[in-house]
Amino acid sequence: MIYDIVIIGAGTAGLSAGIYGVRAGKKVLILEEKYYGGQIINTPHIANYPGIKNISGFEFATNLYEQAIELGVEIQYEKVIKIEDNNKIKKVITEENSYDCKSIIIATGAKNRKLGVENEEKFTGAGVSYCATCDGAFFRGKDVAVVGGGNTALEDAGFLAEYCNKVYLIHRREEFRGEEKLVNILKEKSNVEFILNSTVSAIEGSDIVEGITVKNVISNEIRRIDVNGIFIAIGQAPDNTIFSEIINLDEKGYVIADETCKTNLEGIFTAGDCRTKKIRQLTTAASDGSVAALAACEWCGTN
Ligand code: NDP
């Protein structure tokens, strides 16, 4: 059997592409390594998606997933390890299977960036977390640190302040990258302490996290802080290595494509956070999904 479109990734971009593909009458398969929803599933509140006043990331992702499935998108939970381009018929190879298709949409999103300090890996799941929504409840009544200065870190700090005794928000600069409105909300919270111009230089503990060492990058002052948890929210990086043999990536590993979502190979498209772009938002992921799917439909119609 030959699919019209195989989409790699069931995040916002991939699911949106799926919806547009099946609505155009195409046979669409989504391959997802872990779970549907992508990064947005971890966001406690979405308040900036046009037409939706307020929704949790989980509810948004679930609605999107159900919409795609009900419309006829097929989904398989398999890890893609390779794609092959034989011009008109392409192949997507997973650890278990191989799928022939006329077009491919790469919508692999991005993965959490690591701090790169000692013990980060050792304590992942034992005090080091990349998802406040998933793990926050384990730290009820405890002291925690959040690292980062973007919207994720600001939202995570606000979310954790509801559960935790104390939240230290550690950011490497004076100014936040995230929205001022979120910063102001945090400033009102008595259990949130801002530690600015500072980086985490060590994570300490025996079996679980017991503390961190923070260095002020201006004064070089070192401070040891007792915390039970450290939530790392310093952005994402793409993971497109498996495509690098045939698809052009930029120096950071993003798939090179402009607003047309076309890659260097005909019939292979890309959508969402995994491609080169300036603004990576929920809206732009959904938008890319529709653009890539319609471009794939056009390709399928003429090839
Ligand atoms: P961002 O890239 O926006 O922010 C990453 C933050 O981490 C920056 O403040 C950056 O510092 C800091 N950082 C990066 N590397 C390091 C490092 N090695 N050590 C210490 N700090 C580091 O990522 P986010 O995940 O916050 O957001 C991603 C996108 O998703 C953004 O566009 C954001 O607006 C959006 N988003 C939207 C939400 C919503 O609308 N509800 C919720 C969450 C995210 P510096 O500023 O110095 O570079």
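Residues numbered from 1 in each chain as written. Predicted model: local features only at pLDDT ≥ 70, side-chain atom pairs only at ≥ 80, totals over all residues. Heavy atoms only, no water.

Student: Help me out: how do you make sense of the overall build of the protein in this one?
Tutor: Within the protein, the secondary structure is distributed over six helices and 17 strands. In terms of C-alpha radius of gyration, the protein reaches 21 Å, essentially the compact-globule figure of 19 Å for 303 residues. Across its three principal directions, the C-alpha atoms of the protein cover 65 × 40 × 30 Å. In the protein, which comprises 303 residues, the proportion classed as buried is 50%. Counting only carbon and sulfur atoms, one obtains 47% of the accessible surface of the protein, whose full area is about 14800 Å². Measuring between centres, the 33 positive side-chain charges of the protein sit 3 Å from its 42 negative side-chain charges. (Helix = DSSP H or I, 4+ residues; strand = E, 2+ residues; numbered from the N terminus. Rg over C-alpha atoms; globule rule 2.2 N^0.38 Å. Buried < 20%, exposed > 50% of the residue type's maximum accessible area, 1.4 Å probe, protein only. Areas by Shrake-Rupley, 256 points an atom, 1.4 Å probe, with all protein chains shown as cover. Lys, Arg positive; Asp, Glu negative; His and termini not counted. Charge placed at Lys NZ, Arg CZ, Asp CG, Glu CD.)

Student: Any chance you could explain the domain arrangement of the protein here in plain terms?
Tutor: Bring the parts together and some accessible area is lost; that lost area is often taken as the interface size. Here the protein is partitioned into domain 1 (2-112 + 236-302) and domain 2 (128-232). Centre-to-centre separation of domain 1 and domain 2, based on C-alpha positions: 32 Å. Every contact between the two is made by six residues of domain 1 and, on the other side, seven residues of domain 2. Here domain 1 meets domain 2 over a buried area of about 520 Å², counting both sides, of which 48% is carbon and sulfur. At the surface where domain 1 touches domain 2, the tally comes to zero residue pairs in polar contact (both at pLDDT 80 or more). (Domains from an automatic or database assignment. Contact = heavy atoms within 4.5 Å. Buried area = accessible area lost by both parts, 1.4 Å probe. Polar contact = N/O pair within 3.5 Å; in protein donor to acceptor, adjacent residues only side chain to side chain.)

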